[in-house]
Amino acid sequence: MEGYHSAQVSVRVRLNTNESPAAPPDAWRDAYAGEISRIEWHRYPDRAATALRQAIGESHHVDESQVFVANGSNEVLQTLLLTFAGAGRTVATFEPTYQLHGHLARISGATVVEGERADDFRLDLAEVDRVIDSAQPVITFLCSPNNPTGMVEPAENVHHLLDRAPGLVVVDEAYGQFADWSALELLDEELPLVVTRTFSKTWSMAAARLGYLVGPSWLVSELEKVVLPYHLDTAKQHAGRLALRFTDEMDERVRQIVGERERIAAALTALPVQVWPSGANFILFRPLTIEGHDVWRQLVDRSILIRDCSGWPRLEGCLRVTVGTHDENDEFLAALQAILSS
Ligand SMILES: *Cc1c(COP(=O)(O)O)cnc(C)c1O
């Protein structure tokens, strides 16, 4: 197997891993420091992470029994796969999409069936039916907005999968706050649907490694049997619970990033590149006059790092840029313009 790689190069402008360009609010940091000083370090954490799950549940108007938390949404995905997938079972993805869905499924021992998206990266429902009917997957992954394309999955497609798929439908909403609708609206105790979220992107807390899912409470109980006991440390439980007191600040940041995203998207349309519509905090584009990889390297020479997807299957020549601060975005756009007009 190949591992999961993302270059960590030391540069001035880092726009490659879809993090927030801003640190969390100072008031959050101070509140967290206060809690840290009061932790009973000789005791195991609250195994059920009750206060954190209650706070997350309140933020989505669901019961805490419908919330499962783990060390990053990647561990949430891994726990789902350890619980429901594994050897002799099949998991479906629709490519191109987030690489870890297939990767973690294979690690669980499952067989991964990769459906193909249409040329414009939208879901092709005839292909969906073909994959579901032939593979009978225990888990079908969607990612909305999709990483790396940025495209939001229309609600009809999630409904279609829920009607058709024999197993669980998992919608990865790592970028859900940047989009105009969320599959959280469809959640129901009777539906085999889960939505995963993370504190790594909108919440400016990639360093904390905290993610969660919302789904039927029976499913959360099954996951609790599989995940390691005391997997979520006390400090992290405080970090997430306190973060949820700053929802207004975070909503404001999301508005700013969406504004910057639209500004970058508009600027890109004036350059010789192909651009895909994004509902996330990043934009996928393909330079048309110079090889994507060369453009990426020339940006690195100017100390600007974006994601080089040019060698990935189905994404020939494509690059993905994370929305940064206003100044970082200006630097990126000026550099790209200079490279493409040289
Ligand atoms: C960034 C990202 C995640 C986040 O993973 P964490 O483990 O929570 O940091 C999950 N899914 C997708 C699609 C992502 O792009």
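In this report, we go over the structure that sits alongside the text.

Analysis parameters
Residues numbered from 1 in each chain as written. Predicted model: local features only at pLDDT ≥ 70, side-chain atom pairs only at ≥ 80, totals over all residues. Heavy atoms only, no water. Pairing = 2+ DSSP bridges. Helix = DSSP H or I, 4+ residues; strand = E, 2+ residues; numbered from the N terminus. Axes fitted to C-alpha atoms, helices over the stretch in contact; angles between N-to-C directions. Contact = heavy atoms within 4.5 Å. Left-handed = near helix turned anticlockwise from the far one by under 90°. Nonpolar A, V, L, I, M, F, W, Y, C, P; charged D, E, K, R; others polar. Near = heavy atom within 4 Å. Polar contact = N/O pair within 3.5 Å; in protein donor to acceptor, adjacent residues only side chain to side chain. Patch = residues over 30% accessible without salt bridge, like charges linked within 9 Å, V, L, I, M, F, W, Y side chains within 5 Å. Areas by Shrake-Rupley, 256 points an atom, 1.4 Å probe, with all protein chains shown as cover. Salt bridge = Lys/Arg side-chain N within 4 Å of Asp/Glu carboxyl O. Lys, Arg positive; Asp, Glu negative; His and termini not counted. Charge placed at Lys NZ, Arg CZ, Asp CG, Glu CD. Buried < 20%, exposed > 50% of the residue type's maximum accessible area, 1.4 Å probe, protein only. Phe/Tyr/Trp six-rings, centres within 6.5 Å; stacked < 30°, edge-to-face > 60°. Lys NZ or Arg CZ within 6 Å of the ring centre and 35° of its normal.

## Observations concerning the sheet that holds strand β11 (residues 304–308)
Argument step 1. The five strands lie next to each other as β1-β11-β12-β10-β9, forming an open sheet whose pairing is mixed. The strands lining the two open edges of the sheet, one partner per strand, are β1 (13–15) and β9 (273–275). Averaged over all adjacent pairs, the angle separating strand axes in this sheet is 35°, with direction ignored.
Argument step 2. Both β1 and β11 contribute to a ladder of three bridges, which runs parallel. Within β11, the residue paired with Arg-14 across the bridge is Leu-305.
Argument step 3. Packed onto the sheet, helix α10 (residues 292–301) meets β10 (282–287), β11 and β12 (319–322) and runs at close to 155° relative to β11.

## What about the packing of helix α1 (residues 26–38) against helix α8 (residues 234–243)?
Argument step 1. Two numbers describe how α1 lies on α8: the axes approach to 10 Å, and their chain directions differ by 145°. Crossing of α1 over α8 shows right-handed handedness. Where α1 approaches α8, its residues Trp-28, Ala-31, Tyr-32, Glu-35 and Ile-36 are matched on the opposing element by Ala-235, His-238, Ala-239, Arg-241, Leu-242 and Ala-243.
Argument step 2. Residues belonging to the contact of α1 with α8 are distributed by class as follows: eight nonpolar, one polar and two charged.

## Description of the site of the ligand
Argument step 1. Not every one of the 13 residues close to the ligand is listed here, only the nearest: Ser-73, Tyr-175, Thr-198, Ser-200 and Lys-201.
Argument step 2. For the ligand, an oxygen atom lies 2.8 Å from a polar atom in the side chain of Asn-147.
Argument step 3. Contacts to the ligand include Lys-201, whose side-chain N or O atom sits 3.4 Å from an oxygen atom.
Argument step 4. Considered class by class, the residues forming the shell around the ligand number four nonpolar, six polar and three charged.

## Quick look at a negative patch on the surface
Argument step 1. Negative charge collects at one region of the surface, where Asp-63, Asp-188, Glu-189 and Glu-190 lie side by side.
Argument step 2. Along the chain, Asp-63 falls in the loop between α2 (50–60) and β2 (67–70).
Argument step 3. A relative accessible area of 44% places Asp-63 in the partly exposed class.

## Some details on the packing of aromatic side chains
Argument step 1. Counting across every chain of the model gives eight aromatic pairs.
Argument step 2. The interplanar angle of 10° and the centroid separation of 5.2 Å between the aromatic rings of Trp-28 and Tyr-32 together place this pair among those described as stacked. Taken together, the positions of Trp-28 and Tyr-32, both in helix α1 and four residues apart, correspond to about one turn of that helix.
Argument step 3. Among the residues examined, Tyr-32 registers a relative accessible area of 21% and is labelled partly exposed.
Argument step 4. Each member of the aromatic cluster is reached from another via a ring pair, and the members are Phe-199, Trp-203 and Tyr-212.
Argument step 5. When the ring centre of Tyr-230 is taken as reference, the NZ or CZ atom of Arg-47 above it lies at 5.7 Å.
Argument step 6. The ring of Phe-282 carries Arg-320 above its face, with NZ or CZ at 5.5 Å from the centroid.

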